[in-house]
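For reference, the chains in residue letters:
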Amino acid sequence: MIKDFIKITDFTAEEIFETFKIAADLKKGSEKYSNLLSGKTVACIFHKPSLRTRISFEAGIFELGGHSLYITEKEIELGVRESIHDAAKVLSRFVSMIMIRTFAHKDVEELGKYAEVPVINGLTDLSHPCQIMGDMLTAQEHLGRAENLKIAYLGDGNNVCNSWLELSCRIPIDFRIGTSPETLPDAAILRKTKDLGLSKISITPNPLEAVSGADIIYTDVWASMGQKDQTVKKAAQLSRFQVNDIILSNADPHCIVMHCLPANRGEEITDSVMDGKHSVVFDEAENRLHIQKAIMVQLMRRYIG
Ligand code: CP
Ligand code: NVA
C-alpha cells in the first residue's frame, strides 16, 4: 500500500470513489471523523503562495480535531539547511502527516520516500492532485456522475492538466486538451495515460473542436507560479484558448465551467463566463476543504490506524 498522496494514481479507482463518498458525507455534516487528528499535528509546508490550499488544509485539520503547523521556506529551508532525507526523518518524529506545496516534484517524492508519516502533495510544478480530486467531486455533484464525462481543458498543459491526465488513468473520461504545440502537458504522463488506454485522450490546437459537446470546460492561468517571467510568451501562445461566450456556446447546453482559481479574469476566462450561470468555480473552491479532509481520513486510517 502507498502511504502518501503525491499523485492521483497513488489511490486505486476504488479508493478514489470511496474518498468522494467520505467527502460527500463530511460535507453533509458527518461528525464521524471529528477526532481523527485529536492530539496530532500536521506540518503544512509552503514554498509558494496559496489561498485555497492553505486555508482549506488549516480549516480541515482543525475540523478533524488536529493542529496544523504553517511552515514557509524561511523556517526549515528544506533541502538547503539540511537534506530532505534528514528533515523527513526529524519531522516524522514530531508530526502525524506532512502536506507540502513546492516547485520540484522530485522533492516531494523524496520527502515521501524518507518520511515515516503520510505526505500529501499540495501542488508542485508537475501536478496538483488535491485540486483535481475536489474538481471531480464537484463535477459529480453537478452532473450526477464522474465516469464518461467529456472534459475540455483549454490552455496551458500545466500541473492541473497533468493531474486530470492522472485521474483519467483511474476514471474513464473523454479528455480533450485544447492547447498550442508549445504548451503541451508533461510528455511522460501523457504517454503513460495513452498507453494505459482507460480514457480517450486527444490534443487539438482548435479550441472549438475541444469543447464540441463537452460536459465540462476547464481552464487555468496561462503562466503558473514560478513562470511569471513567461507571462507575455504564454499569452501569445494561448490567447485563442480563452474561455469566453463563443467557446461556451459550442459546448453542451448543460455544461459546467471550471477553474481551479486564482483566475486572471479577462485572460484565460472572461468575466461573463466566470460569473455566468454555467460557472461552478466557487463550488470547486469549497470542495477543496471536503475532499482534503477525506484524503486525510483515508491516509490516517490506512497507514496510521
Ligand atoms: N487552487 C489552488 O490551489 O489555489 P491556491 O493556490 O490559492 O491554494
Ligand atoms: N497552475 C497554477 C495552479 C494554481 C492553483 C499554478 O501552478 O500556479
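Coordinates for the structure precede this section.
The rules behind the values
- Residues numbered from 1 in each chain as written.
- Chains lettered and ligands numbered in written order.
- Predicted model: local features only at pLDDT ≥ 70, side-chain atom pairs only at ≥ 80, totals over all residues.
- Heavy atoms only, no water.
- Helix = DSSP H or I, 4+ residues; strand = E, 2+ residues; numbered from the N terminus.
- Buried < 20%, exposed > 50% of the residue type's maximum accessible area, 1.4 Å probe, protein only.
- Contact = heavy atoms within 4.5 Å.
- Areas by Shrake-Rupley, 256 points an atom, 1.4 Å probe, with all protein chains shown as cover.
- 1 Å grid on protein atoms, 1.4 Å probe; cavity = no way out; pocket = protein on both sides within 12 Å on 5 of 7 lines; lining within 4 Å.
- Points joined across faces, edges and corners; volume = space filled by probe spheres on them.
- Phe/Tyr/Trp six-rings, centres within 6.5 Å; stacked < 30°, edge-to-face > 60°.
- Pairing = 2+ DSSP bridges.
- Right-handed = clockwise from strand over helix to strand, strands pointing away.
- Axes fitted to C-alpha atoms, helices over the stretch in contact; angles between N-to-C directions.
- Parallel < 35°, antiparallel > 145°, perpendicular 65-115°, else oblique.
- Left-handed = near helix turned anticlockwise from the far one by under 90°.
- Nonpolar A, V, L, I, M, F, W, Y, C, P; charged D, E, K, R; others polar.

Visitor: Can you explain the overall build of the chain? Please cite residues and give values.
Guide: Looking only at helices and strands, the chain features 13 helices and nine strands. Taken along the three principal axes of its C-alpha coordinates, the chain extends 55 × 40 × 35 Å. Burial analysis of the chain (305 residues in total) assigns 56% to the buried set. Taking the intrachain contacts of the chain between residues at least 6 apart in sequence as the baseline, contacts between residues at least 24 apart amount to 78%. Accessible surface for the chain amounts to roughly 12,800 Å². Of this, 53% is attributable to carbon and sulfur atoms.

Visitor: Account for the layout of surface pockets, naming residues and giving values.
Guide: The computed volume of the largest pocket comes to approximately 310 Å³. In terms of lining residues, the largest pocket is bounded by 23 residues, among which Arg101, Leu123, Met225, Leu261 and Pro262 are the most central. Only helix H2 (52–63) and helix H7 (159–167) provide two or more residues apiece to the lining of the largest pocket.

Visitor: Quick one: what's the story with unusual backbone geometry, residue by residue and with numbers?
Guide: A cis amide bond, omega 5 degrees, links leucine 261 with the succeeding residue proline 262. Phi at leucine 123 is positive, roughly 120 degrees, even though this residue is not glycine. With respect to the secondary-structure elements, leucine 123 resides in the loop between strand E4 (119–121) and helix H6 (129–143). Assessed through its relative accessible area of 5%, leucine 123 is described here as buried. Of note in the backbone geometry, leucine 261 takes a positive phi value of approximately 65 degrees without being a glycine. Turning to its location among the elements, leucine 261 is positioned in the loop between strand E9 (256–259) and helix H12 (271–274).

Visitor: A description of the packing of aromatic side chains should follow, citing residues and the corresponding values.
Guide: Per the stated rule, a full pass over the model turns up seven aromatic pairs. Centroid distance phenylalanine 46 to tyrosine 70: 5.6 Å. Interplanar angle 45 degrees. Geometry classified as tilted. On the criterion of sequence distance, the pair formed by phenylalanine 46 in strand E1 (residues 41–46) and tyrosine 70 in strand E2 (residues 67–72) is long-range, its members being 24 residues apart. What makes phenylalanine 46 buried here is its relative accessible area of 3%. By relative accessible area, tyrosine 70 is classed as partly exposed at 35%. Here tyrosine 153 and tyrosine 218 contribute two aromatic rings whose centre-to-centre distance is 5.8 Å and whose plane-to-plane angle is 15 degrees, an arrangement assigned as stacked. Of the two residues, tyrosine 153 is situated in strand E5 (residues 150–154) and tyrosine 218 in strand E8 (residues 216–219); the sequence distance between them amounts to 65 residues. Grouping residues by exposure puts tyrosine 153 and tyrosine 218 together as buried. Clustering of aromatic rings is evident, with ring pairs tying together Tyr153, Trp164, Phe175 and Tyr218.

Visitor: Quick one: what's the story with the pairing of strand E3 (residues 97–101), residue by residue and with numbers?
Guide: Burial of E3 is extensive: five of the five residues sit out of reach of the surface. Residue alternation in E3 divides its side chains into two sets, Met97, Met99 and Arg101 and Ile98 and Ile100, and both sets are buried. With five bridges connecting them, E1 and E3 associate as parallel partners. Bridged to isoleucine 45 within E3 is isoleucine 100. Bridging between E3 and E4 involves three bridges; their strand directions are parallel. Across the sheet, residue isoleucine 98 finds its bridge partner in E4, namely valine 119. Note on the crossover from E3 through helix H5 (residues 105–114) to E4: the handedness is right-handed.

Visitor: Lay out the packing of H6 against H7 in plain terms, naming residues and giving numbers.
Guide: Between two packed helices, the angle of one axis relative to the other and the distance separating the axes together describe the packing. Two elements in contact, H6 and H7, have axes separated by 9 Å at closest approach and are oriented at 60 degrees. Judged on the interaxial angle alone, H7 and H6 are oblique. H6 and H7 meet at a crossing whose hand is right-handed. Contacts between H6 and H7 involve Pro129, Ile132, Asp135 and Met136 from the first element and Val160, Ser163, Trp164 and Leu167 from the second. In terms of residue class, the contact of H6 with H7 is made up of six nonpolar, one polar and one charged.

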